[in-house]
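# Per-entry structural report
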Amino acid sequence: MISRVRSALLSITALAMCGLFAGQPAAAQRRPQLPLATGRDGRLGTFSVLGNSRTTSNRPPRRCRSCPLTIWSYDIEMTEMVRRTRGTRSLDLGFWARGPEGGSKIHLFFGVTGTAFVYLDDELLLSHESDRFFESHEHVEVNVPEGEHQISFRFVSAEGMRRWRTRVRVLDKNFQPGGGDVELFVHASRRDLNRMHEAVSIDERYEDGVDGHYRMRLVGSLPSGGLATPVSIISGDPVEPVNGVFKDVIEFAVDIPEEGILPAVPVGDASVEIAQSFFLDRHLLRAASALRSRIDQVSELSRGPIQWRIEEMEHVIAHRDTDRRWRLWLQRQSDLISEKIDAGQDPFADLSGYNRMGHISRLDGKAQPYQLFVPPGYRGERDWPLIITLHGFKGNAGDFFRNTFGLTRRSRRGETLIEHGRHGQIPERGPMFVIAPEARGTTHYRMAGEQDVLECIADVQRRFRIDPRRIYVTGGSMGGTGAAFLPFRNPDLFAGSIALAGYHDQRVRRDTDDDSLTPSEQFMMAHRSDVDWAENALHLPMLLVRGTEDVPLEWTTSLADRLSGLGYRHQHRNPVTGHNVWTMTYADNGAFNWFRPIRRPEHPDHVRLRTGRERTTRNHWVEINARSRSDQFADVDAVAHNAARISAHIEGARRVTFNPPGRGALSVDIDGTIIRGNRPLTVENTGGGWERADGPLPPGFKRAGVSGPIRDMYNEPLLFVVGTGHPDHTLINRIVAYEWAHPDGWHVSYPIVDDKDVTEQMVQEKTLVLVGPPISNSVFARLGRRLPIQWLRNSPNPDEDVIQVGPRRWFGESTGAVFIAPNPDNPDHSLIVIAGITPLGTWRSMSIPELVGDYAIFDDGLHAGRGQYSCGGVTIALLSPI
């Protein structure tokens with residue numbers, strides 16, 4: 001079988017060499033014109049290097065027909081291509097385009113760190129500067145006249161820039177991968193040809209075999225672009241490129257030997273390595289297979305930690321993780337669990353001390369990990385306290401878990417934070433349960449991160465006797481933000497909080513100081529700021545700590561001042577130090593000692609509830625059923641004088657329910673208006689004053705899981721639906737769906753399906769995210785007339801479509817909309833639409849800033865919003881609730 005792999009891969013280069021040199025003159029053989037192909041997603045990774053220097057001007061690069069080629073896979077790491085010099089550096093890359101008779105056009109999409117200049121021959125088409133890399137962030141339409149023309153890029157680094165990169169996509173005039181009727185090519189030498197194997201990617205996927213024999217499925221392709229020449233699959237049949245797009249060049253399975261590894265496979269004068277890590281993977285493959293075959297034999301509670309171990313082994317294999325200690329731990333864990341299952345035991349029935357656990361999330365069905373400490377004295381006879389500890393932006397659950405116990409970090413030389421989280425010192429004693437969720441990565445404990453923490457708490461409560469009055473939360477940096485965010489938005493869950501070096505007022509951010517923020521954006525700023533929810537800390541003692549050198553201090557002092565103004569119980573410390581205040585705070589059992597005397601009141605007489613969202617509606621015996629306006633907070637301040645009489649002050653609420661402990665009738669005094677009735681007593685203000693509410697809430701009011709804002713969707717199980725009904729839109733729809741389904745820094749696995757594959761079960765179980773306009777997305781087309789924002793077709797030409805909201809209409813090739821609304825086919829779930837009038841409009845949606853309301857209608861002015869917290873009024877329409 002190995003010989004078949006070798007012959008198949010050899011054919012990739014052999015056919016290319018024969019096709020390029022047969023019958024050509026000697027001069028052409030030395031440096032022929034080589035047609036370029038992009039990857040299947042339009043990425044281009046083969047360029048002529050026109051030069052590199054300290055030149056930073058916008059002077060066009062020189063024209064060069066004899067420059068060397070360089071080939072990358074996906075990202076172009078430019079730092080390695082340029083001589084090390086002080087100050088700024090530059091790199092010129094290019095290729096050639098031959099326009100047909102009458103000319104044509106192509107679309108260039110690229111992201112870059114630093115400054116980029118784009119040229120057609122000597123004409124400057126675009127200049128762009130960015131200090132952050134975003135996939136396909138910049139777009140330029142290149143009108144290619146008839147004949148040969150040079151397209152070139154000058155990339156210029158900034159002073160002191162460490163990571164300097166770009167990624168380029170080329171799409172034709174119809175947004176298909178490649179140049180279409182514009183021929184793309186480079187001039188290359190025989191030496192360049194010998195390097196073309198670098199454009200070939202071999203994707204290795206393991207499969208369970210029969211009787212313990214494993215197979216590897218290999219898929220060869222040109223993901224970064226390469227020569228547009230015939231290639232062969234395993235059968236030897238040629239596969240011609242279509243519009244310059246390579247399909248898979250090879251796909252087949254090979255048996256894996258029980259011992260040893262598969263050698264590198266020659267390709268031309270070089271080689272492509274395959275299965276080089278299998279000597280590490282073999283044992284994990286067997287272990288994962290063993291657990292997978294036994295998981296149905298255990299209890300539901302045990303499936304979470306077992307499924308996490310299976311998924312972690314698959315992750316380690318897929319990402320070529322070479323941490324041998326971690327691989328060995330996973331393998332030993334699998335063997336131990338399998339032995340217990342075979343002996344009829346539940347492997348996670350009797351836990352003590354330190355454990356790595358997992359729960360299966362409702363968001364995507366994947367097992368999410370968390371660290372767990374079970375006090376050695378736990379016997380199940382009484383309720384025990386629980387601490388949730390939250391890691392920082394650059395940390396991980398395992399690393400911060402150890403900090404909470406005051407364990408000093410004794411790292412091996414060169415050990416990373418991830419390795420320390422895996423292999424650091426294990427806590428052996430402690431007076432409370434402690435859990436450390438991963439919370440989906442760098443979510444700031446919002447949206448999917450918040451849901452993960454709540455799911456972790458619920459998982460522990462199902463396993464152990466946890467005292468509901470003694471659930472505490474703490475964290476540092478990003479985790480310090482979460483230590484206020486979570487209890488303020490779940491006010492009857494937590495008893496106390498230690499928030500260390502958190503970020504509690506988003507107005508302190510440099511990118512939010514903008515007078516042009518719309519009223520909706522101003523509300524969303526408060527929606528994200530902990531200081532605006534501080535009223536909910538009435539029964540939440542807090543310890544706030546920030547070092548005096550960790551500026552600006554307003555990140556913490558704003559919240560401390562607000563708590564002082566409310567008269568709430570809290571401590572505020574400012575040690576003379578920097579950002580790391582957790583080491584000193586947690587030393588000598590600091591967290592356990594501070595939390596020890598705190599208990600949440602079970603039935604408080606005084607309840608305060610403030611909310612700006614439908615996921616925070618209840619605090620003890622007060623519930624806000626509906627806010628008066630979706631872009632304003634609702635606030636209830638209620639006092640129970642006895643079991644039958646309440647006084648309350650209410651602002652911004654349409655309907656409120658009171659249900660304090662007790663029996664019989666209830667009397668509520670709302671700012672002088674007295675309402676009586678049986679409990680639970682619901683009151684409503686329709687504009688003429690407060691009165692007793694009868695019947696259901698009228699339509700149009702928000703409900704959790706059904707309404708916005710847009711990013712509230714990440715609290716729900718999502719299904720991204722790609723429109724495939726129009727070829728001009730399909731690729732952009734796929735790119736945009738992937739971008740929205742993978743928020744930067746998050747660990748999520750939302751499914752992405754084509755519109756034609758959506759089933760009724762999916763509609764009933766998932767929150768649908770429809771990507772692409774009705775002309776391309778059949779699900780959107782079917783539901784469109786029942787949605788609040790309409791796409792209207794004026795002619796068969798999609799460029800003449802318009803977007804309509806009420807009486808207002810918008811049009812233009814870069815115009816698009818993103819909105820959230822109830823799903824007409826499933827009123828218990830929301831529906832999100834991400835679409836433009838043209839593919840460019842859909843593509844622009846990737847620039848939606850972090851803070852956005854229920855809908856946004858935009859044009860190319862939105863470009864500046866990508867990666868920003870707020871838009872600052874750059875859109876052509878309102879960013880406001882529907």
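Further up the page is the structure itself.
Residues numbered from 1 in each chain as written. Predicted model: local features only at pLDDT ≥ 70, side-chain atom pairs only at ≥ 80, totals over all residues. Heavy atoms only, no water.

## Considerations on the packing of aromatic side chains
Where we set the bar: Here a pair means two rings of Phe, Tyr or Trp (six-membered ring of Trp) with centres within 6.5 Å. Their orientation is stacked below 30 degrees between planes, edge-to-face above 60, and tilted elsewhere. In this description a helix means any DSSP run of H or I spanning at least four residues, a strand means any run of E spanning at least two, and both kinds are numbered starting from the N terminus. Exposure is judged per residue with a 1.4 Å probe applied to protein chains only, and the accessible area is read against the type maximum: over 50% gives exposed, under 20% gives buried, and values in between give partly exposed. The criterion is that NZ of a Lys, or CZ of an Arg, lies within 6 Å of the ring centre and within 35 degrees of the ring normal, and then a charge sits over that ring.
Scanning all chains against the criterion turns up 29 aromatic pairs. Note on Phe-400 and Tyr-586: the rings are 5.8 Å apart at their centroids and 80 degrees apart in plane angle, and the pair reads as edge-to-face. Linking Phe-400 in helix α7 (residues 397-404) with Tyr-586 in helix α13 (residues 582-586), this pair joins segments that are 186 residues apart in sequence. The buried category is assigned to Tyr-586, whose relative accessible area is 0%. Members of the aromatic cluster, each reached through a chain of ring pairs, are Phe-47, Phe-95, Phe-110, Phe-153 and Phe-155. Its end group placed over the ring of Trp-533, Arg-489 keeps NZ or CZ at 4.4 Å from the ring centre.

## Focus: the sheet that holds strand β23 (residues 367-374)
Threshold: A strand pair is defined by DSSP finding two or more bridges across the two strands. Note on geometry: axes are lines fitted to C-alpha atoms, helical ones only across the stretch in contact, with angles between N-to-C directions running from 0 to 180 degrees. The contact rule is simple, with two residues in contact once any of their heavy atoms fall within 4.5 Å.
Judged by pairing direction, the sheet is mixed, and its eight strands sit side by side in the order β22-β23-β25-β24-β26-β27-β28-β29 without closing on themselves. Unpaired on one side and paired on the other, β22 (353-360) and β29 (570-573) mark the two borders of the sheet. Strand-to-strand twist of the sheet, defined as the mean angle between neighbouring strand axes without regard to direction, takes the value 15 degrees. Where β22 meets β23, eight bridges bridge the pair, whose relative direction is antiparallel. Note that in β23 the partner of Arg-356 across the bridge is Gln-371. Sheet strands in contact with helix α5 (residues 300-318) are β22 and β23, and its direction is about 85 degrees off that of β22.

## Considerations on the layout of surface pockets
We apply this condition: Of the two site types, the cavity is a set of points on a 1 Å grid over the protein atoms alone where a 1.4 Å probe fits but cannot get out, and the pocket is an open set with protein on both sides within 12 Å along at least five of seven lines, each lined by residues with an atom within 4 Å of a point. Grid points are joined across faces, edges and corners, and a volume is the space filled by probe spheres set on the points. Following the grouping adopted for this structure description, the nonpolar residues are Ala, Val, Leu, Ile, Met, Phe, Trp, Tyr, Cys and Pro, the charged ones are Asp, Glu, Lys and Arg, and the polar ones are all others, Gly among them.
Computed from the structure, the second largest pocket encloses a volume of approximately 500 Å³. The wall of the second largest pocket is formed by 23 residues, among which Gly-700, Phe-701, Lys-702, Ser-707 and Pro-822 lie closest to the centre. Mapped by element, the contributors of at least two residues to the lining of the second largest pocket are β32 (622-627) and β46 (816-823). In terms of residues, the lining of the second largest pocket owes the most to one element, β46, which gives three residues. Residues belonging to the lining of the second largest pocket are distributed by class as follows: 12 nonpolar, five polar and six charged.

## Brief notes about the packing of helix α4 (residues 278-294) against α5
For clarity, the cut-off: Put simply, angles under 35 degrees are roughly parallel, angles over 145 are roughly antiparallel, angles from 65 to 115 are roughly perpendicular, and the rest are oblique. Crossing handedness follows the turn of the near helix against the far one: under a right angle anticlockwise gives a left-handed crossing, and clockwise gives a right-handed one.
Taken N-terminus to C-terminus, the directions of α4 and α5 make an angle of 155 degrees; their axes are 9 Å apart at the nearest point. Comparing their axes, α5 and α4 come out roughly antiparallel. For the element pair α4 and α5, the recorded crossing hand is left-handed. In this structure, α4 uses Asp-281, Leu-284, Leu-285, Ala-287, Ala-288, Leu-291 and Arg-292 to contact α5, whose residues at the interface are Ile-306, Arg-309, Ile-310, Met-313, Glu-314, Val-316 and Ile-317. Tallied by class, residues from the contact of α4 with α5 come to 10 nonpolar, no polar and four charged.

## Thoughts on the sheet that holds strand β35 (residues 653-658)
Strand order in this open sheet of five strands is β31-β32-β35-β38-β39, and the pairing throughout is antiparallel. Looking at strand neighbours, the two that pair on one side only are β31 (618-619) and β39 (690-692), the edges of this open sheet. Alignment of β31 against β32, held across two bridges, turns out to be antiparallel. Bridge pairing in β32 places Asn-619 opposite Val-622.

## Section: the state of the cysteines
In protein chemistry, a disulfide is the covalent bond that joins the sulfur atoms of two cysteines. Convention followed: A pair of cysteine sulfur atoms is labelled a disulfide when the two atoms are within 2.5 Å.
In this structure the tally under the stated criterion is one disulfide. One disulfide in the model links Cys-64 with Cys-67; its S-S distance is 1.9 Å. On the S-S bond that ties Cys-64 to Cys-67, the torsion sits near 120 degrees, and the link is right-handed. The buried category is assigned to Cys-64, whose relative accessible area is 5%.

## Here's the deal with the pairing of strand β36 (residues 665-670)
As judged from the four bridges shared by strand β34 (residues 645-651) and β36, these two strands associate in the parallel manner. Its bridge partner being in β36, Ser-647 is matched across the sheet by Asp-669. Where β36 lies against strand β37 (residues 673-678), six bridges are found, and the strand directions are antiparallel. Counted as the bridge partner of Val-668 is Ile-675 from β37. Here β36 folds back onto β37 in antiparallel fashion, the turn holding two residues, of which Asp-671 has a positive phi close to 50 degrees.

## Section: helix α11 (residues 519-528)
Counting buried residues along α11, eight of its 10 residues qualify, which places the element largely inside the surrounding structure. Within the span of α11, buried status applies to Ser-520, Glu-521, Phe-523, Met-524, Met-525, Ala-526, His-527 and Arg-528.

## Description of the nonpolar core
The criterion, for reference: Working definition of a nonpolar core: buried Ala, Val, Leu, Ile, Met, Phe, Trp, Tyr and Cys residues. They are joined through side-chain atoms within 4.5 Å.
Membership of the largest hydrophobic core comes to 70 residues, with the highest contact counts inside it found for Leu-372 and Ile-388. Aside from chain neighbours lying at most four places away, what touches Leu-372 is Leu-351, Gly-353, Tyr-354, Asn-355, Met-357, Phe-401, Phe-433, Val-434, Ile-435, Val-460 and Phe-464.

## Remarks on empty space enclosed by the protein
Applying the stated rule across the entire model yields six cavities of 30 Å³ or more. Together, 17 residues line the largest cavity, and Met-447, His-527, Arg-528, Asp-712 and Asn-715 are the ones closest to its centre. Taken together, the elements giving at least two residues each to the lining of the largest cavity come down to α10 (478-489) and α11. With three residues, the top contributor of residues to the lining of the largest cavity is α11. Its residues assigned to classes, the lining of the largest cavity shows seven nonpolar, two polar and eight charged.

## Considering the side chain of Glu-716
Among the structural elements, Glu-716 can be located in the loop between β39 and β40 (718-722). Those residues in contact with Glu-716 that sit more than four places away from it in its chain are Arg-362, Leu-363, Arg-615, Gly-705, Tyr-750 and Thr-767.

## Regarding the pattern of salt bridges
Basically, it comes down to this: One speaks of a salt bridge when a side-chain nitrogen belonging to Lys or Arg is within 4 Å of a carboxyl oxygen belonging to Asp or Glu.
Under the definition given, this model contains 48 salt bridges. Across the pair Arg-440 and Asp-364 runs a salt bridge, and its minimum N-O distance is 2.7 Å. Here Arg-440 is found in the loop between β25 (433-437) and α9 (448-463), whereas its partner Asp-364 is found in the loop between β22 and β23, with 76 residues between them in sequence. Asp-364 gets classed as buried once you look at its relative accessible area, which sits at 10%. A salt bridge links Lys-756 to Asp-754; the nearest nitrogen and oxygen atoms lie 3.1 Å apart. Relative accessible area serves as the criterion here: at 58%, Lys-756 is assigned to the exposed category.

## Focus on α4
Definition in use: Take the residue count of a helix, subtract one, and multiply by 1.5 Å to get its expected span.
Counted at 1.5 Å a residue, the expected span for α4 with its 17 residues is 24 Å, and the 24 Å between its end C-alpha atoms agrees. All of the buried residues in α4 are Phe-278, Leu-280, Asp-281, Arg-282, Leu-284, Leu-285, Ala-287, Ala-288, Leu-291 and Arg-294.

## What to know about the pairing of strand β30 (residues 606-611)
The buried fraction of β30 amounts to five of the six residues, a majority that puts the element mostly inside the structure. Here β30 pairs with strand β33 (residues 634-642) via six bridges, running antiparallel. Bridge pairing in β33 links Arg-608 to Asp-637.

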